[in-house]
Amino acid sequence: MTDGVREAPGIWFGVDVGTVRVGVARSDPNGVLAVPVRTLARDARTGRDLDELAALVAEYEAAGVVIGLPRTLAGREGASAGMARDYGAALAPRVAPVPVEFVDERLTTVSAQRKLSQGGVRGRAGRAVIDQVAAVELLQHWLDLRRG
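Worth saying up front: this structure is predicted, and the values here are computed from it rather than measured.

### What about the packing of helix H1 (residues 48-59) against helix H2 (residues 79-95)?
Point 1. Between H1 and H2, the least distance of the axes is 10 Å, while the angle of their chain directions is 50°. Between H1 and H2, the interaxial angle falls into the category oblique. Of the two elements, H1 crosses H2, and the hand of that crossing is right-handed. Contacts from Asp-49, Leu-50, Asp-51, Leu-53, Ala-54 and Val-57 in H1 reach Tyr-87, Ala-90, Leu-91, Arg-94 and Val-95 in H2.
Point 2. In terms of residue class, the contact of H1 with H2 is built from eight nonpolar, no polar and three charged.

Here it is as structure tokens:
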């Protein structure tokens, strides 16, 4: 697992880890555009969400997984970043040899909420997709960084 930007062709997955839900997005095979995939129910007890994510990675023959690392505005890592790193550590053996990387995702959830609100999506409907939209935001950011 790394915090760097790698050059690997193929479909990449973006993951927004929360305490209740996990948003999942994927790129197109050329690594240009991120699209939503689904929202998984977080299951810290059984790890079912990790198994479901690993199955998606295998199904799409993914080149890699990028997990959002929620740093503070000052760039520090707090409890949420630790949770994301723990999630990545638990996912890595399930998807090996597919690499698991991290990307700074400061403000992606705020940006996702703003986009949904501007699109008229609020309340329960917004909660159902906010994690996917945040995953799209962080993956798109990573894809853009990778392309330079």
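### Some remarks on the packing of aromatic side chains
Point 1. All told, the structure shown has two aromatic pairs when counted by the stated rule.
Point 2. Here the aromatic rings of Trp-12 and Trp-142 are separated by 4.5 Å at their centres, their planes lie at 40°, and the arrangement is tilted. With a gap of 130 residues between them, Trp-12 in strand E1 (residues 12-17) and Trp-142 in helix H4 (residues 123-147) connect regions that are remote in the sequence. Pair check on accessibility: Trp-12 and Trp-142 agree, each one buried.
Point 3. Between Phe-13 and Tyr-60, the ring centres sit 5.6 Å apart and the planes meet at 70°, which makes this aromatic pair edge-to-face. Taken together, the residues Phe-13 in strand E1 and Tyr-60 in the loop between H1 and strand E4 (64-69) connect sequence positions 47 residues apart.
Point 4. The exposure class assigned to Tyr-60 is partly exposed, which follows from its relative accessible area of 27%.

About the cut-offs
- Residues numbered from 1 in each chain as written.
- Predicted model: local features only at pLDDT ≥ 70, side-chain atom pairs only at ≥ 80, totals over all residues.
- Heavy atoms only, no water.
- Axes fitted to C-alpha atoms, helices over the stretch in contact; angles between N-to-C directions.
- Helix = DSSP H or I, 4+ residues; strand = E, 2+ residues; numbered from the N terminus.
- Parallel < 35°, antiparallel > 145°, perpendicular 65-115°, else oblique.
- Left-handed = near helix turned anticlockwise from the far one by under 90°.
- Contact = heavy atoms within 4.5 Å.
- Nonpolar A, V, L, I, M, F, W, Y, C, P; charged D, E, K, R; others polar.
- Phe/Tyr/Trp six-rings, centres within 6.5 Å; stacked < 30°, edge-to-face > 60°.
- Buried < 20%, exposed > 50% of the residue type's maximum accessible area, 1.4 Å probe, protein only.

What is shown is where atoms sit, not what they do.
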